[in-house]
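Working through the structure, step by step
Below are the chains, spelled out letter by letter.
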Amino acid sequence: MKTNRTVKDGICRLEQENGRTLAWSESSGVGVLEQDGLFFKDLEKTGELLPYEDWRLPVEARAKDLAGRLTLEEIAGLMLYSPHQAVPPLPFGPFGGTYDGKPYAESGRAPYELSDQQKKFMQEEHIRHILMITVQNAETAAKWSNELQKRAEALPHGIPVNISSDPRNGARGSGAEFKTGGSDVSKWPEGVGFAACFDPEVVRQFAEDASREYRALGITTALGPQIDLCTEPRWMRYIDTLGENVEMTKKMVKAYCDGMQTTENTETGWGRDSVNTMVKHWPGGGTGEGGRDAHYAFGEYAVYPTDNAAEHMKPFTEAAFKLDGPTSSAAAVMPYYTVSWGLDTKNGKNVGNSYSEYLIKDLLREKYAFKGVVCTDWGITQDPAPVIDTFGSRCFNMQDMTEGERCLVAILNGVDQFGGNAEIAPIMEAYRIGCEKIGEAAMRERMELSAARLLKNIFQCGLFEDPYLDPAKSAEIVGCKEFCEHGFDAQHKSVVLLKNRNNCLPLKKGLKIYTPKREIRASKGFMRNDIPAHTEDPVEDAVISKYGTRVGTPEEADAAIVFIESPACNPYSTEDAANGGNGYLPITLQYRPYTAHTAREVSIAGGDFRENFTNRSYRGKTNIAYNESDLDNILDCRKAMGDKPVIVCAAINNPMVVHEFERETDAIVAEFGVSREAVLDIVFGDYEPTGRLPMQLPKDMETVEAQSEDCALDMEPHVDEAGHAYDYGFGMNYSGVIEK
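Residues numbered from 1 in each chain as written. Predicted model: local features only at pLDDT ≥ 70, side-chain atom pairs only at ≥ 80, totals over all residues. Heavy atoms only, no water.

1. A word on the nonpolar core
For clarity, the cut-off: What makes a nonpolar core is a set of buried Ala, Val, Leu, Ile, Met, Phe, Trp, Tyr and Cys residues whose side-chain atoms join them at distances within 4.5 Å. Any residue under 20% of the maximum accessible area for its type is buried, any over 50% is exposed, and the rest in between are partly exposed; the area is computed with a 1.4 Å probe on protein chains only. Residues are treated as being in contact if the distance between any of their heavy atoms lies within 4.5 Å.
In terms of nonpolar packing, the biggest core is built from 206 residues, with Trp-282, Leu-455, Leu-505 and Phe-661 touching the most fellow members. Residues in contact with Phe-661, not counting those within four places in the same chain, are Ile-564, Tyr-591, Leu-631, Ile-634, Val-648, Met-656 and Ile-668. Leu-589, Val-657, Met-701 and Met-715 belong to the second largest nonpolar core, which has 9 residues in total.

Okay, here's the thing in structure tokens:
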């Protein structure tokens, strides 16, 4: 049999004609075994071929064999998912790290070297699943990945690192959740932007391109797609979902998972181009009461006023778990933080989803027979903070247990892994308590089952044979011209033209353009941090200059282009709570102050050990958008421009109320997480719009209050001055309304 051996940068590579390519680090102590004329890595360093080292065997058999060889501490380490890792680490805060105790800037180290913390949690806590966030570039990412793999290979059993990532390819961050750094990747719309294309093949193309980029960055698990059926228009994560139409969502879920996971020309579909998908969030996170989000204790409850929970599970049960491609099912699933109020029909317990035996064991594992990894959302096991308004505190209604007891409840339900945890001690405590409860043999068997599931996802991506990257090739693949062109085309396809009075669009290039700056009030960030009031310039002069000349006043301009974002506000007020209120505020989708006269008098769900009430109603309370000045900019431009066109470019993160300004505009262009260039190409005629609304834009806030959190497309839409209803599927091109 022909073989080819090479050594580069301390990495040995053996290519064999009729077998797998093997790669290992010279410094790891790993050797090569020959059997039946084929070569295998001696990861266990025993000198004999063990089942888990034999790439000819099914991955299930290999994973089971290796799971049985691990110590309990090693299994516990596999069951952890590291906190977010910046490369290089930041000097302070939750994404910080050091080198020999020094910050990166003072250490003199290369940006791809392993930090003190990374070395520690790999060796002492046996962690092999690492979440990467920001990284300087593709070459740095590849080198960092190689450093991780070298270290892992030198440790017992040579178990490779499974690097994961939150979505990286969004062309514009929405602010709904911490966004992962792009690392020069191709740029695409956010999730609901794909829904605006009304074409699952756009999603498939994204997934195929992104999987190649991910593998070039060393990433083998995608923490996505986010397939929550988003039937609650106020939810801050609406833009990250694939919308609220269940049938379209199912098609896009299949396209996404198949595109990410499938390596062509392999028997099982798994291989060098495969990326495990971790679909989220079971059983659906898009029904938070009043639109509040369960990253925070004041948003922990998901409700089902029309008993429609079964529809929210369909993107999982009828799509993610029943793929059309050869990999057959998403590799992993993540339950959401939420307490799914009233869904636990077995024990009647209103606890966080991962702690619900009914939702995880009875439904996910048994009824729907999900065999892959179940990984909790990040940080659900730690003790809660003493105040309710904090980022964290997510062990919902389990606060009376120890962390180890909480872990045991989740493990016995069928959970395999704990997101954002870097210490094995709670898992070991869970094992000890479990031995007392169900016996040592049964507990060991249960832990090995999780280990085997977790190892399977590492085996099926080919990491045990070759986990190493060529940094130069990675730099060529990530953000390459072909992928960037695909992404920009998808951005174009996702933009929706809502209004075009007197066919004012497209504008002619070369015009004088006025674009006002945005004034944002003091606000709360994703981590409940205080953000001071500030001014934003929504578009760079260099971008505008591609289309026309930017001028400083509307009087000078031929046209005004006003960039706005969906209204955003604070859903919880510590001041209100301190002054005798319950702290809960209405989430407004309009700009001007909104008073919730028609909200529920009594909330469906409620109760927290830090509160002395259960009614979380905000009826009669008033809230105001941080970015109310977006509306002022439109109205001021209309007044100053006279008969000259006023074009609104709306970045829609949530279905917004447009009646406050629609009749004061000549054209409205809606986008869902794309670049300014993609929007302006629509405005100036470089691309005729094809996108359609993936949502309803409500008539008013009373309409929003009247809809049910768990029911799709149940709002009365806004009707504009031309008689067009801004309903699901509506969109225009330059000639008129697009036929559905």
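2. Comments concerning the pairing of strand E28 (residues 667-671)
To keep it simple, the criterion reads: The way it works is that DSSP assigns letters per residue, a run of H or I at least four long becomes a helix, a run of E at least two long becomes a strand, and they are numbered from the N terminus. Strands are labelled as partners when DSSP assigns at least two bridges between them.
Most of E28 sits out of view: 5 of its 5 residues are buried. Burial along E28 is two-sided: Ala-667, Val-669 and Glu-671 and Ile-668 and Ala-670, pointing in opposite directions, are all buried. With 4 bridges connecting them, strand E17 (residues 496-500) and E28 associate as antiparallel partners. Bridging across to E28, Lys-499 finds its partner in Ile-668. Judged from the 5 bridges that link them, strand E27 (residues 646-651) and E28 form a sheet pairing that is parallel. Bridge assignment links Ala-651 to a residue of E28, and that residue is Glu-671.

3. Describing the packing of helix H1 (residues 59-69) against helix H13 (residues 440-459)
Rule in force here: All axes are obtained by fitting lines to C-alpha atoms, using only the stretch in contact for helices, and the reported angles, taken between N-to-C directions, cover 0 to 180 degrees. Orientation labels follow simple angle bins: below 35 degrees gives roughly parallel, above 145 gives roughly antiparallel, 65 to 115 gives roughly perpendicular, and whatever is left gives oblique. Handedness of a crossing follows from how the near helix is turned relative to the far one, being left-handed for an anticlockwise turn of less than a right angle and right-handed for a clockwise one. Just so you know the grouping, Ala, Val, Leu, Ile, Met, Phe, Trp, Tyr, Cys and Pro go in nonpolar, Asp, Glu, Lys and Arg go in charged, and all remaining residues, Gly too, go in polar.
Interhelical geometry of H1 versus H13 gives an angle of 130° and a closest axis separation of 8 Å. When the interaxial angle is binned, H1 and H13 end up oblique. Pair H1 / H13 crosses with right-handed handedness. Facing H1, whose interface residues are Val-59, Glu-60, Arg-62, Ala-63, Lys-64, Leu-66, Ala-67 and Gly-68, H13 presents Arg-444, Glu-448, Ala-451, Ala-452, Leu-455, Lys-456 and Phe-459. Residues belonging to the contact of H1 with H13 are distributed by class as follows: 8 nonpolar, 1 polar and 6 charged.

4. Digging into the sheet that holds strand E15 (residues 373-374)
Read across the sheet, 7 strands follow the order E7-E8-E9-E10-E11-E13-E15 without closing on themselves; strand pairing throughout is parallel. Looking along the sheet, the strands with just one partner apiece sit at the ends: strand E7 (84-87) and E15. Relative to the sheet, helix H5 (residues 138-154) contacts E7, strand E8 (129-135) and strand E9 (162-165), its axis offset from that of E8 by approximately 155°.

5. Quick word on the sheet that holds strand E2 (residues 11-16)
Strand order in the open sheet made by the 3 strands is E1-E2-E3, with antiparallel pairing throughout. Each edge of the sheet is formed by a strand with only one pairing partner; in this case those strands are strand E1 (3-8) and strand E3 (22-25). Each strand of the sheet is rotated relative to its neighbour by a mean of 15°, with strand direction disregarded. Strand direction decides the pairing type here: E1 and E2, joined by 6 bridges, are antiparallel. Looking at E2, one finds that Thr-6 is bridged to Arg-13.

6. Points about the pattern of salt bridges
Defined as follows: The salt bridge criterion pairs a side-chain nitrogen of Lys or Arg with a carboxyl oxygen of Asp or Glu, the two atoms within 4 Å.
Under the counting rule described, the total for this entry stands at 60 salt bridges. One salt bridge in this structure joins Arg-204 and Glu-201, with 3.3 Å as the shortest N-O distance. A residue pair is termed a helical-turn pair when its members lie 3 or 4 positions apart in one helix, as Arg-204 and Glu-201 do in helix H7 (residues 200-217) at 3 residues. By relative accessible area, which is 25% here, Arg-204 ends up partly exposed. Across the pair Asp-537 and Arg-550 runs a salt bridge, and its minimum N-O distance is 2.9 Å. Here Asp-537 is found in the loop between strand E22 (534-536) and helix H16 (541-544), whereas its partner Arg-550 is found in strand E23 (residues 549-551), with 13 residues between them in sequence. Judged by relative accessible area, which is 39%, Asp-537 ranks as partly exposed. Among the residues examined, Arg-550 registers a relative accessible area of 21% and is labelled partly exposed. Salt bridges sharing common partners tie together Lys-499, Arg-501, Arg-638, Glu-662, Arg-663, Asp-666 and Glu-721.

7. Overview of unusual backbone geometry
For the peptide bond that leads from Lys-280 to His-281, omega is 10°, which places it in the cis range. Within the secondary structure layout, His-281 lies in strand E11 (residues 276-282). Residue Pro-283 is bonded to the preceding Trp-282 through a cis peptide linkage, with omega at -5°. Relative to the elements of secondary structure, Pro-283 occurs in the loop between E11 and strand E12 (301-302). The phi torsion at Asp-100 lies on the positive side, around 50°, for a residue other than glycine. Residue placement: Asp-100 occurs in the loop between E7 and helix H3 (104-107). On the basis of relative accessible area, Asp-100 is assigned to the exposed category, the value being 58%. One non-glycine residue with positive phi stands out, namely Asp-307, at about 55°. By the secondary structure assignment, Asp-307 is in the loop between E12 and helix H9 (309-320).

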